Amino acid sequence: SPSRSSVIIVGAGVSGISAAKVLAENGVEDVVILEASDRIGGRIWKEEFGGASVELGAGWIVGVGGRESNPVWELVNKAGLRTIFSDYSQARYNIYDRSGNIYPSGLAAESYKRAVDSAMERFRNGEAGSLLKANPLPSIAKTPIELAIDFMLHDFEMPEGEPISTFLDYGEKEFMVADERGYAYLLYKMAEEFLSTSDGKIVDSRLKLNKVVREIQHSRNGVRVTTEDGCVYEANHLTLSVSIGVLQSDLISFRPSLPRWKTEAIEKVDITVYTKIFLKFPYKFWPCGPGKEFFIYAHERRGYYTFWQHMENAVPGSNILMVTLTNGESKRVEDQSDEETLKEAMSVLRDMFGPDIPNATDILVPRWWNNRLQRGSYTNYPIISNCEVVRNIKAPVGRIFFTGEHTSERFSGYVHGAYLAGIDTGTALLQEMRKLETDGKGQ
Ligand code: FAD
């Protein structure tokens, strides 16, 4: 029969690792971490592309410089990761129309201000006081420049767009990780404190990679987990950190099924798909001076290759551009060939920079929506969503404890949300374990 541990943790992303760390620090060492992919990090994911390290998932520490200190910012600095400040405020002065002309700065600033004012007004007329992440209410944007700014404010989440609790608590600055070890190095540094490592790799047998959990049986006495390769693991408790998209899919079946209040809450959550496409060029043809890192393409279709960034500040000499797509546009490019996407992106770049620019020599298109281990990029709780939905998503079911960015009331969608959620769930589980212990002794 399978050996039994105290806790099984499903998923080795930020929240799974931070939950495991809390348990280890409190003497619970007999845990098993089951991770479906072949690496730790989850939605923190570095790849080598065109001679540089690029972040397919989270790239920024969002929320720095405010009245409270962002715990992930502290960890990043402790780990010694190189970061660079992202000055988005300049982006509005680099908005190109389809003929390659930059909109005059006066007009751009005015359009930006109008869009911010109207976003604030819509917010006030909606559910003022809610600190959940906002969902853009229907906007008044119509012209290409208005649509581009609307995309920046809402899909790209400029701090002026909505009063998001991350910006309110931790500040409005954002820093991008620009370190060849990648954002995931942070995870490694956390894991290193309680898992054995050798030569910069985790070699601890409690971390089991390539283990896709397919079934979770649970009862008053414990849990029994079956993975795709037919292994069975048993434990007293389980911490489940898979994304809300995975919970909405049928990848994992529960026996008995999860209760109605839980499945209904899970179904209510909307997921944002956010795609960073990387393009490699033989040489630079875009402006690179101060204030030029971010540039915008204004098209009559909202979100059509709108938001661009050159990677020269992050990785000088890399000749890489990144363009961000979201939701409908993300799903559309996921379903077509990368060749097709490259053609579209090149035609957009030729609109902005003229017909003579060189073709990209390589392209990287992450597929978060079609990845069965993710099914999207992060939760997008509507502004009117009551906290009960989040509370129900987070609440344990018997011996199954839920964690992940989607269980964070204030910081869902972010790395720090996932990190704090892991600590929260780990702490709640410890309390439960202690309670069961005293109850047991009292009998
Ligand atoms: P995950 O990292 O998803 O961890 C869950 C783990 O479970 C994964 O490793 C997965 O492989 C595993 N898993 C899934 N199914 C199974 C199964 N059946 N069996 C076993 N294991 C399973 N946040 C920021 O703060 N700043 C940013 O700049 C930022 N940008 C982002 C850009 C993109 C493209 C994406 C996708 C996300 C971004 N985020 C950003 C959000 C941030 O990455 C997430 O909020 C955070 O990493 C989520 O951590 P998690 O532990 O909740 O989930």
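Refer to the preceding data block for the structure.
Residues numbered from 1 in each chain as written. Predicted model: local features only at pLDDT ≥ 70, side-chain atom pairs only at ≥ 80, totals over all residues. Heavy atoms only, no water.

Draft legend 1. Summary view of the sheet that holds strand β17 (residues 274-280). On the basis of which strands lie adjacent, the open sheet formed by six strands has the order β7-β18-β19-β20-β17-β21 and mixed pairing. With one partner strand each, in any of the chains shown, β7 (95-96) and β21 (362-364) form the two edges of the open sheet. By the bridge criterion, three bridges tie β17 to β21 in an arrangement that is antiparallel. Within β21, the position partnered with Lys-280 by the bridge is Asp-362. Relative to the sheet, helix α9 (residues 327-334) contacts β17 and β20 (320-326), its axis offset from that of β20 by approximately 115°. Helix α10 (residues 338-353) rests against β7, β17, β18 (294-297), β19 (307-310), β20 and β21 of the sheet, and its axis sits at about 95° to β18. (Pairing = 2+ DSSP bridges. Helix = DSSP H or I, 4+ residues; strand = E, 2+ residues; numbered from the N terminus. Contact = heavy atoms within 4.5 Å. Axes fitted to C-alpha atoms, helices over the stretch in contact; angles between N-to-C directions.)

Draft legend 2. Expanded view of the nonpolar core. Within the largest apolar cluster, 42 residues are counted, with the highest numbers of intra-cluster contacts made by Val-7, Leu-23, Ile-61, Val-72, Tyr-183 and Leu-186. Of all the elements in the fold, those that place two or more residues in this core are β1 (4-10), α1 (14-25), β2 (31-34), β5 (60-64), α2 (71-79), β8 (173-177), α6 (185-192) and α12 (415-442). Ignoring anything within four residues of it in the chain, the contact list for Tyr-183 reads Ile-44, Glu-55, Ala-58, Gly-59, Trp-60, Ile-61, Val-72, Val-76, Leu-81, Val-177 and Val-415. Of all hydrophobic cores here, the second largest spans 40 residues; its members include Ile-84, Ile-164, Met-176 and Trp-368. (Core = buried A, V, L, I, M, F, W, Y, C linked by side-chain atoms within 4.5 Å. Buried < 20%, exposed > 50% of the residue type's maximum accessible area, 1.4 Å probe, protein only.)

Draft legend 3. Main features of helix α11 (residues 387-394). By the burial criterion, the buried members of α11 are Val-389, Val-390, Asn-392 and Ile-393. Each buried residue of α11 lies within a common arc of 165° when the element is viewed along its axis, so the set occupies one face. Tucked inside the fold, the buried residues of α11 contact α7 (244-248), α8 (260-268) and β23 (400-402). (Arc of directions from axis to C-beta.)

Draft legend 4. The arrangement of the side chain of Ser-330 in detail. Examined against the element boundaries, Ser-330 turns out to sit in helix α9. Residue class for Ser-330 comes out buried when judged on its relative accessible area of 0%. Once you skip the residues sitting within four places of it in the chain, Ser-330 turns out to touch Val-273, Tyr-274, Thr-275 and Leu-325.

Draft legend 5. Molecular detail of helix α4 (residues 144-155). Compared with an ideal rise of 1.5 Å per residue, which puts 12 residues at 16 Å, α4 spans 15 Å between its outermost C-alpha atoms and is within 8% of the ideal. For α4, a buried count of 10 out of 12 residues is recorded, marking the element as mostly surrounded by other parts of the structure. Along α4, the residues classified as buried are Ile-145, Leu-147, Ala-148, Ile-149, Asp-150, Phe-151, Met-152, Leu-153, His-154 and Asp-155. One or two positions beyond α4, positive phi appears at Glu-157, with a value near 60°. (Expected span 1.5 Å × (residues − 1).)

Draft legend 6. The pattern of salt bridges, seen in detail. Taken as a whole, this structure holds 29 salt bridges when the rule is applied. Measuring nitrogen to oxygen at the nearest pair gives 3.0 Å for the salt bridge that ties Asp-179 to Arg-181. For Arg-181, a relative accessible area of 38% puts it in the partly exposed group. For Asp-338, the salt bridge goes to Arg-367, with nearest N and O atoms at 2.8 Å. (Salt bridge = Lys/Arg side-chain N within 4 Å of Asp/Glu carboxyl O.)

Draft legend 7. Main features of the site of the ligand. Around the ligand, the surrounding shell holds 37 residues, and the nearest of these are Ser-15, Glu-35, Arg-43, Glu-405 and Val-415. For the ligand, a nitrogen atom lies 2.9 Å from a polar atom in the backbone of Val-213. The separation between an oxygen atom of the ligand and a polar main-chain atom of Val-415 is 2.8 Å. At the level of elements, α1, β5 and α12 are the ones that each hand at least two residues to the shell around the ligand. (Near = heavy atom within 4 Å. Polar contact = N/O pair within 3.5 Å; in protein donor to acceptor, adjacent residues only side chain to side chain.)

Draft legend 8. Structural detail: the pairing of β8. Counting buried positions over the five residues of β8 gives four, a clear majority of the element. Where β5 and β8 come together, four bridges link them in antiparallel fashion. By the bridge assignment for β8, Trp-60 is matched with Met-176. Across three bridges, strand β6 (residues 83-85) lies against β8 in antiparallel orientation. Bridged to Thr-83 within β8 is Val-177.

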